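Residue strings, one per chain:
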Amino acid sequence: MSGKKGKYWESLLQASIFFLLYELAAESSFYLLELSLAALALCFLWEERAAVRHPIRMIGEGVALTKPLGKIWIMCVLYLGWELVTVSFSPAPEGVWEKYKVVALMLFLSALMLWAAKDKTEWERQRFVRRCADTIAAAGLTAAVMSVVNVAFPIFYPVIYGRRLSLRLDYNLFSTVILMGLIAGSFLLRKKPPLHPRVFFLYLITAPAIILSSSRRSFVLLIVFFVWQVVWSILHADKSLRLHLAGGWLAVLLGVVSMSGLMQVYLNHQYERRLQLKEPMVSQSESSALERYEQMGQSGSESKRLLIWSVAAKEQRSYTAAQKMFGKGFGYDRLLYQISEDSRLKEAYPPESRRLLSAHCFVLTDLLNGGYVQAILGLGIWFLIGLRLLKALLQKRRGAMFFCITLGIVFFNNFISNRYGFGYDKYFWLLLTMMTLF
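Residues numbered from 1 in each chain as written. Predicted model: local features only at pLDDT ≥ 70, side-chain atom pairs only at ≥ 80, totals over all residues. Heavy atoms only, no water.

Chemist: Is there a simple way to think about the overall build of the protein in this case?
Modeler: Per the secondary structure count, the protein includes 20 helices and zero strands. At 23 Å, the protein has a C-alpha radius of gyration in line with the 22 Å of a compact globule built from 438 residues. A total of 438 residues make up the protein; the buried ones form 53% of that total. Here the protein has roughly 21,100 Å² of accessible surface; of this, 67% comes from carbon and sulfur atoms. If you average the places of the 49 positive and of the 30 negative side-chain charges in the protein, the two averages end up 7 Å apart. (Helix = DSSP H or I, 4+ residues; strand = E, 2+ residues; numbered from the N terminus. Rg over C-alpha atoms; globule rule 2.2 N^0.38 Å. Buried < 20%, exposed > 50% of the residue type's maximum accessible area, 1.4 Å probe, protein only. Areas by Shrake-Rupley, 256 points an atom, 1.4 Å probe, with all protein chains shown as cover. Lys, Arg positive; Asp, Glu negative; His and termini not counted. Charge placed at Lys NZ, Arg CZ, Asp CG, Glu CD.)

Following this line, the structure appears as structure tokens:
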């Protein structure tokens, strides 16, 4: 075994990742993230003091650890580097700190994750990646449980949506953490049958929380993942076990539907009680998850997103040749919606709401802010990731599908949303680092 086994900073690294992901779902970990990061930094400096005394050599060894995905990491450096260059001619640079404090934190954690795998055997690296997947699953499970507990006992968090589950206003982010936890847990338990207690309760805890969050994108992704898992497990099982597996997955589905229905009844009951007692709720939205899903076929938020995209595309087409190549600077994708004279945009959003708008697509964001240069670098990163995943699938490497699904979700989420692009997505850096060690 590696000489690093048992070092305190490695355990604190997992704790920091856990609180980092939990805060995505709950928005606050009551300073546990900050405390774990401070303890992590202190323990790392002390336990790795022999390496820290030689920073140049340490940096060289750290860079060498990225070699398995060296081209992707180089592209990431170029991508971030060009984005920082665009800050120099940005008309709205106030978001730089908000984005890059997250980028810096994730690069710090990524560096420590790589260093933790230094001098480890292949088996030990796989074990470390599994521990990271454990942490992703634990964060999702904890968020799901806390959201249910908070409905009955809103001690730690305020009630956000009376008839829906969420620990923060951004229910899409809340549900994504739980969905990622479900996916990680499912792959960790991939050899277990659907009626195994761990698998059954994993779905029974996480799936209803995703459904009742009313996040339509997570709901669709949940259905797609469930169908894929059922089909994959049945096709890869012995013919004599396929009927039994199908029955098991049907029981899981019925359990999730029943639990979701019971929880919705309880949420409705609690909502009516709070109205009578005049207890405060952060959001005034009265719709339930089911009512929001019934609107999926209608033209509400989808048409607004198309409107946002069309405004961004129209603006980019009006650029000069130089602006198309280099963009108009960091943050212009947000400033655009504040200064746009588009009549449809003004009708759809009041002035205070337009201040919060962005391009809602990392490709459009890159084209507006950094031009073709940044867009090519950004798409190049995902192209190289796709090639790497395809190679892993063709080699039939165990766990390759986990990265295909999770990184696919990261790409999808950032293609249709995310204010600062995929560089601001904590799952992007976490999964990329895990894949480097994979």
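Chemist: Would you explain helix 5 (residues 70-87) in this entry?
Modeler: Because each turn of an α-helix spans 3.6 residues, side chains separated by three or four positions in sequence point in the same direction. The terminal C-alpha atoms of helix 5, which comprises 18 residues, lie 26 Å apart, in line with the 26 Å expected from a rise of 1.5 Å per residue. Within the sequence span of helix 5, burial applies to Gly70, Ile72, Trp73, Met75, Cys76, Tyr79, Leu80, Trp82, Glu83 and Thr86. (Expected span 1.5 Å × (residues − 1).)

Chemist: What should I look at first to understand the pattern of salt bridges in this one?
Modeler: Where charged atoms from two side chains of opposite charge come close, those side chains can pair. All told, the structure shown has eight salt bridges when counted by the stated rule. With a shortest N-O distance of 3.7 Å, glutamate 61 and lysine 118 are connected by a salt bridge. You can see glutamate 61 sitting in helix 4 (residues 55-64) and its partner lysine 118 sitting in the loop between helix 6 (96-116) and helix 7 (122-152), a full 57 residues away along the chain. With a relative accessible area of 15%, lysine 118 lands in the buried category. Taking the shortest distance from any N to any O, the salt bridge between glutamate 341 and lysine 346 comes out at 2.6 Å. (Salt bridge = Lys/Arg side-chain N within 4 Å of Asp/Glu carboxyl O.)

Chemist: Before we go on, may I ask you to explain unusual backbone geometry in this structure?
Modeler: For glutamate 27, which is not glycine, the phi torsion reads 70° and is therefore positive. Within the fold, glutamate 27 resides in the loop between helix 1 (8-26) and helix 2 (32-47). Taking the relative accessible area as the measure of exposure, glutamate 27 reaches 52% and is therefore exposed. The backbone of tyrosine 31 shows a phi angle near 70°, a positive value even though the residue is not glycine.

Chemist: Even after reading the chapter, I still don't get the side chain of glutamine 229, so can you show me in this structure?
Modeler: By the element assignment, glutamine 229 lies in helix 10 (residues 216-235). Taking relative accessible area as the criterion, glutamine 229 reaches 11% and is therefore assigned buried. Separated by 2.3 Å, the side chains of glutamine 229 and tyrosine 203 make a polar contact. Each residue touching glutamine 229, except ones within four places of it in the same chain, is listed here: Ser186, Tyr203 and Trp249. (Polar contact = N/O pair within 3.5 Å; in protein donor to acceptor, adjacent residues only side chain to side chain. Contact = heavy atoms within 4.5 Å.)

Chemist: Can you walk me through helix 8 (residues 171-188) in this structure?
Modeler: If you check helix 8, its first and last C-alpha atoms are 26 Å apart, about what 18 residues at 1.5 Å a residue would give, namely 26 Å. Taking burial as the measure, the 18 residues of helix 8 include 17 buried ones, the bulk of the element.

Chemist: Just to check I follow, could you spell out the packing of aromatic side chains for this structure?
Modeler: The way to describe two aromatic rings as a pair is by their centre distance and the angle between their planes. Within the structure shown, the criterion is met by 32 aromatic pairs. When the ring of phenylalanine 30 is compared with that of tyrosine 157, the centres are 5.3 Å apart and the planes differ by 40°; the resulting orientation is tilted. With phenylalanine 30 in the loop between helix 1 and helix 2 and tyrosine 157 in the loop between helix 7 and helix 8, this residue pair connects regions lying 127 residues apart in the sequence. On the basis of relative accessibility, which here comes to 42%, the residue phenylalanine 30 falls in the partly exposed class. (Phe/Tyr/Trp six-rings, centres within 6.5 Å; stacked < 30°, edge-to-face > 60°.)

Chemist: Mind showing me how you'd approach the state of the cysteines here?
Modeler: Every disulfide links exactly two cysteines, by a covalent bond between their sulfur atoms. Within this structure, the stated rule accounts for zero disulfides. Cysteine cysteine 43 remains unbridged, with the sulfur of cysteine 132 as its closest cysteine sulfur at 18 Å. Distance from the sulfur of cysteine 76, which forms no disulfide, to the nearest cysteine sulfur (cysteine 404) is 17 Å. For cysteine 76, a relative accessible area of 3% translates into the label buried. (Disulfide = S-S within 2.5 Å.)

Chemist: Honestly, the packing of helix 8 against helix 9 (residues 197-212) in this entry has me stumped. Any pointers?
Modeler: Relative placement of two packed helices is described by the angle separating their axes and the distance separating the axes. Running from amino to carboxyl end, helix 8 crosses helix 9 at an angle of 155°, the nearest separation of the two axes being 9 Å. When the axis of helix 8 is compared with that of helix 9, the two are roughly antiparallel. Two packed elements cross with a definite hand, and for helix 8 against helix 9 that hand is left-handed. Note on element contacts: helix 9 touches helix 8 through Leu202, Tyr203, Thr206, Ala209 and Ile210, opposite Phe174, Ser175, Ile178, Leu179, Gly181, Leu182, Gly185 and Ser186. (Axes fitted to C-alpha atoms, helices over the stretch in contact; angles between N-to-C directions. Parallel < 35°, antiparallel > 145°, perpendicular 65-115°, else oblique. Left-handed = near helix turned anticlockwise from the far one by under 90°.)

Chemist: Is there a simple way to explain a positive patch on the surface in this structure?
Modeler: Residues Arg130, Arg190, Lys191 and Arg398 make up a contiguous surface patch of positive charge. Position of lysine 191 among the secondary structure elements: in the loop between helix 8 and helix 9. Exposure remark for lysine 191: the relative accessible area of 72% places this residue in the exposed category. (Patch = residues over 30% accessible without salt bridge, like charges linked within 9 Å, V, L, I, M, F, W, Y side chains within 5 Å.)

Chemist: Would you mind showing me how to read empty space enclosed by the protein here?
Modeler: Gaps left between atoms show up when a probe the size of a water molecule is rolled over them. Using the criterion set out here, one finds two cavities of 30 Å³ or more in the structure. The computed volume of the largest cavity comes to approximately 50 Å³. Lining the largest cavity are Ser147, Asn150, Val151, Val159, Ile160, Tyr161, Arg164, Leu165 and Ser166. Along its surface, the second largest cavity is lined by Glu83, Lys99, Phe330, Gly331, Asp333, Arg334, Thr365, Asn369, Arg419 and Tyr420. Taken together, the residues of the lining of the second largest cavity break down into two nonpolar, three polar and five charged. (1 Å grid on protein atoms, 1.4 Å probe; cavity = no way out; pocket = protein on both sides within 12 Å on 5 of 7 lines; lining within 4 Å. Points joined across faces, edges and corners; volume = space filled by probe spheres on them. Nonpolar A, V, L, I, M, F, W, Y, C, P; charged D, E, K, R; others polar.)

Chemist: What is the right way to look at the side chain of serine 213 in this model?
Modeler: Mapped onto the elements, serine 213 comes out in the loop between helix 9 and helix 10. Judged by relative accessible area, serine 213 falls into the buried class, the value being 0%. Side-chain polar atoms of serine 213 contact the backbone oxygen of isoleucine 210, separated by 2.6 Å. A distance of 3.3 Å separates the side chain of serine 213 from the backbone nitrogen of serine 215, its partner in a polar contact. The contacts of serine 213, once residues within four sequence positions are left out, are Arg164, Leu165, Tyr171, Phe174 and Ser175.

Chemist: Even after reading the chapter, I still don't get the packing of helix 10 against helix 19 (residues 400-416), so can you show me in this structure?
Modeler: In contact at an axis separation of 12 Å, helix 10 and helix 19 are set at 160° when each is read in the N-to-C sense. One way to sum up the angle between helix 10 and helix 19 is to call them roughly antiparallel. For the pair helix 10 and helix 19, the sense of crossing is right-handed. From helix 10, Arg217, Leu221, Phe225 and Trp228 reach across to helix 19, where they touch Met401, Ile405, Ile409, Phe412, Asn413 and Ile416. Of the residues contributing to the contact of helix 10 with helix 19, the split by class is eight nonpolar, one polar and one charged.

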